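A closer look at the structure
Chain residues, written in single-letter form:
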Amino acid sequence: MTHIRMQELILLVLTLNSKKQNDMKRMNKYLTLGLLAGGLLTMTSCSDSFLQRGSLTEISSATFWQTPEDAMMALTACYDALQSNWLYNCDQGSFGPLFLDCISNNGGHFNWSGWVPGYDVAMGIQTPSSWIFSDYWKVCYETVNRCNLLISNIDHIEGLSNADKECYKAEAIVLRSLMYINLTMTYQDVPYLTEPLTLGNAECVKTDRETIVESVLADLKHCVEVLPQEVDRGHVNKGAALAILGRLALYNEKWEDAIAAYREVMKLGYSLYPDYDELFTQKGETSDEIIFAVRYEGPGQGEGATFNAHWNIPLESMNGTIDLADAFYAQSTGLKTTDTNYGVINNGVLDISQPNAAHYEGRDPRLYTTLFVPGMYWNGIGGEGAWYGGASPSLSTVYVMKYFDDTDTANSWDNGQDFYIVRYAEVLLSLAEALVESGSYNEAEVRNLVNQVRQRPTVNMPPVENVEGTGLSADQLLEIIKHERRVELAFEGLHLFDIYRWHELDKAVAVIEHERTTLGLSYEPRTYNGERDY
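Residues numbered from 1 in each chain as written. Predicted model: local features only at pLDDT ≥ 70, side-chain atom pairs only at ≥ 80, totals over all residues. Heavy atoms only, no water.

**Quick look at the overall build of the protein**
So the rule is basically this: By definition, any uninterrupted DSSP run of H or I lasting at least four residues is a helix, any uninterrupted run of E lasting at least two residues is a strand, and each is numbered from the N terminus. For every residue, the accessible area obtained with a 1.4 Å probe (protein chains only) is divided by the maximum for its type, and the residue is called buried under 20%, exposed over 50%, and partly exposed between those limits. Should any heavy atoms of two residues lie within 4.5 Å, those residues are considered in contact. The Shrake-Rupley method, run with a 1.4 Å probe sphere, supplies the accessible areas, and residue values consider only the shown protein chains as cover.
When its secondary structure is counted, the protein shows 18 helices and 14 strands. Counting over 534 residues, the protein shows a buried share of 59%. Contacts in the protein between residues far apart in sequence, at least 24 positions, make up 74% of those at least 6 positions apart. Accessible surface, the protein: about 20800 Å² in total, of which carbon and sulfur atoms supply 50%.

Written out as structure tokens, the structure is:
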């Protein structure tokens, strides 16, 4: 017998020039069965009739898709695909969601530059064989294929109600839609697959982005009508479908669709969690702010997260930028600091061993959740002589803190922290942006949406009208919203796509280059190559 895996066919047909195979996370035996059952095309190479029989030891598409349990295993395999180290997890040697910000003006791999995936994109020296392109492409299409297999085969199952079948399909369609958001934002025009690949349809051509967006929007609008709001934790529900629909519409300047979707989300009972710092711990996972998250269970269950892994010191592979740190304004005034004393300067070079901790005092409290800046403590270690919590000095004087739990170093590489794909704060800020971009908005409503985020109880930043005033132009409002998105959603995998769609990559590169050259910092140099980089 010869068994040809459809996953291998996908990689053969769709991948760019890959330097290495993706190191997929180990799945438990039930997920593996579901994947094999949906992903195997069985062919026989035996001529004798008595050998023309199905495998006695492997599940094939002919023996799967029989029971409701099969359907659940296939759906679980769709969700499991999100846990790839190249999607919403990371082993610190691949490319997880936090690393996306390291290609932007929010951060970089300054201490570990030269081998962490994505560094070449940040530097503007990427090629078609760059790891981030080939492996990110592969895992997105792996997820698409798993979803397509379920959508195409679930109707064969007996003993599962039609309503459940439609709900399962809707969940898979929403997950597939999320992948097409990632793909079109990263690659623009891509192959648009809505059914499983076979040997007969293996030659895929690109579909233009606009066509894909229109089709996916229609899919999501259908799913919104099918999915319930109350589901088991970790599953896609109506709110998640609406929020993802809104994100797709926002990213593609379909303002009315975005506004309609986000307004519907606001009717579903979501709210901001009062404690911003606690939100990014396991205590915040079940809060009403989380609309959709990738679930992790750990330690010791083989389903743990590593995207927030570290040792007993801050993770040295991710640096925040001084520019991002300074985007967190003074809490008392809501204004950007005018202080430029970042530390001791020797011969025009900032001495990173002697930073100025006072520079970061009194800021927007979200700074201390998002970044590890001089003056903070890592599990009791910090301050004079230990500015970096026991880690080597950050080449930017700043490390990343969001999602990192310094109190549990033992389970860092196998922990139960979920990754949040959509939060309610994103919905509020995205609605504000869509309203202003549409040209038909009420300024007071826009200010209120931003103020809700600013005035979370543990954040308590001054409201817009007290800082920027009233009677603001559309451009002024958009700058306020862009700034709020940056500080609220930093290192959540969204900022790179934001600067792509705002067409501000040139500004982002210029900011980091200015920071590098004026302070004499040993950053990876960055180059903007024009439209090629979008």
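**What about the nonpolar core?**
What counts here: Think of a nonpolar core as a cluster: buried Ala, Val, Leu, Ile, Met, Phe, Trp, Tyr and Cys residues, connected wherever their side-chain atoms sit within 4.5 Å.
Core analysis: the biggest nonpolar cluster contains 167 residues, and Tyr88, Leu150, Tyr180, Ile291 and Leu371 have the highest contact counts within it. For this core, the leading source of residues is helix H6 (residues 162-187), giving 14 residues. Beyond its immediate sequence surroundings of up to four residues, Tyr180 is in contact with Tyr141, Val144, Val190, Pro191, Tyr192, Leu193, Ile212 and Val216.

**Remarks on the pairing of strand S8 (residues 343-346)**
Cut-off, in case you're wondering: Any two strands between which DSSP finds at least two bridges are classified as paired.
Summarising the sheet, S8 and strand S9 (residues 349-355) pair through three bridges and their orientation is antiparallel. The partner of Ile345 across the bridge, within S9, is Leu350. The antiparallel pairing of S8 with S9 creates a hairpin that spans two residues between the two strands, and Asn347 there sits at a positive phi of about 55°.

**Let's talk about the packing of helix H8 (residues 238-251) against helix H13 (residues 424-438)**
For the record, the criterion: Helix axes are fitted to C-alpha atoms over the stretch in contact, other axes to C-alpha atoms as well, and angles between N-to-C directions run from 0 to 180 degrees. Crossings are sorted by hand: turned counterclockwise from the far helix by less than a right angle, the near helix makes the crossing left-handed, and turned clockwise it makes it right-handed. Each residue gets one of three labels, nonpolar for Ala, Val, Leu, Ile, Met, Phe, Trp, Tyr, Cys and Pro, charged for Asp, Glu, Lys and Arg, and polar for the others, Gly among them.
Look at H8 against H13: their axes get within 11 Å of each other, and the N-to-C directions meet at 35°. The handedness of the crossing between H8 and H13 is left-handed. On H13, the residues touching Ala243, Arg247 and Leu250 of H8 are Glu426, Val427, Ser430, Glu433 and Ala434. When its residues are assigned to classes, the contact of H8 with H13 shows four nonpolar, one polar and three charged.

**Some words on helix H3 (residues 68-81)**
For clarity, the threshold we go by: Each residue after the first adds 1.5 Å to the expected span of a helix.
Here H3 is 14 residues long and its end C-alpha atoms lie 20 Å apart, about the 20 Å a rise of 1.5 Å per residue gives. Most of H3 sits out of view: 10 of its 14 residues are buried.

**As for the packing of H13 against helix H16 (residues 474-489)**
To keep it simple, the criterion reads: Orientation categories follow fixed angle ranges, with anything under 35 degrees roughly parallel, anything over 145 roughly antiparallel, 65 to 115 roughly perpendicular, and all other angles oblique.
The N-to-C vectors of H13 and H16 enclose an angle of 160°; their axes lie 10 Å apart at closest approach. On the basis of the axis angle, H13 is roughly antiparallel to H16. H16 is crossed by H13, and the crossing has left-handed handedness. Contacts between H13 and H16 pair Ala425, Glu426, Leu429, Ser430, Ala432, Glu433, Val436 and Glu437 from the former with Ala474, Leu477, Leu478, Ile481, Glu484, Arg485, Glu488 and Leu489 from the latter. Taken together, the residues that form the contact of H13 with H16 break down as nine nonpolar, one polar and six charged.

**Brief notes about the side chain of Ser412**
Where we set the bar: Two N or O atoms form a polar contact when they lie within 3.5 Å of each other; inside protein one atom must be a possible hydrogen donor and the other a possible acceptor, and for residues adjacent in sequence the pair counts only when both atoms belong to side chains.
By secondary structure assignment, the location of Ser412 is in the loop between strand S13 (399-400) and strand S14 (419-423). A polar contact is formed between the side chain of Ser412 and the backbone nitrogen of His310, at a distance of 2.5 Å.

**Examining the confidence of the model for the protein**
Should pLDDT be low for a region, the predicted coordinates there are not to be read in detail. Threshold: Per residue, pLDDT captures the predictor's confidence, and it can take any value from 0 to 100.
Looking at the protein as a whole, its pLDDT mean stands at 89, while 89% of the residues score no less than 70. Throughout residues 1-54 the model reports pLDDT below 50, and contacts reaching past four residues in sequence, or to other chains, amount to 122 contacts.

**Observations regarding unusual backbone geometry**
In this model, Gly298 is joined to Pro299 through a cis peptide bond whose omega is 5°. One non-glycine residue, Gln92, lies in positive phi territory at about 70°. A residue is classified by how much of its surface remains accessible, and Gln92, at 3% relative accessible area, is buried. At Thr397, a residue that is not glycine, the phi angle is positive and equals roughly 70°. Relative to the helices and strands, Thr397 resides in the loop between strand S12 (381-382) and S13.

**Quick word on the pattern of salt bridges**
What counts is decided by this rule: Note on definitions: salt bridges are taken to be side-chain nitrogens of Lys or Arg within 4 Å of carboxyl oxygens of Asp or Glu.
Summed over all chains, the structure comprises 40 salt bridges. Between Lys482 and Glu504 there is a salt bridge, with the nearest N and O atoms lying 2.8 Å from each other. Residue Lys482 is found in helix H16, and its partner Glu504 is found in the loop between helix H17 (495-501) and helix H18 (505-519); the two are separated by 22 residues along the sequence. As far as burial versus exposure is concerned, Lys482 and Glu504 are alike and both buried. Taking the shortest distance from any N to any O, the salt bridge between Glu513 and Arg516 comes out at 2.7 Å. With a gap of three residues between them, Glu513 and Arg516 both fall in helix H18, about one helical turn apart.

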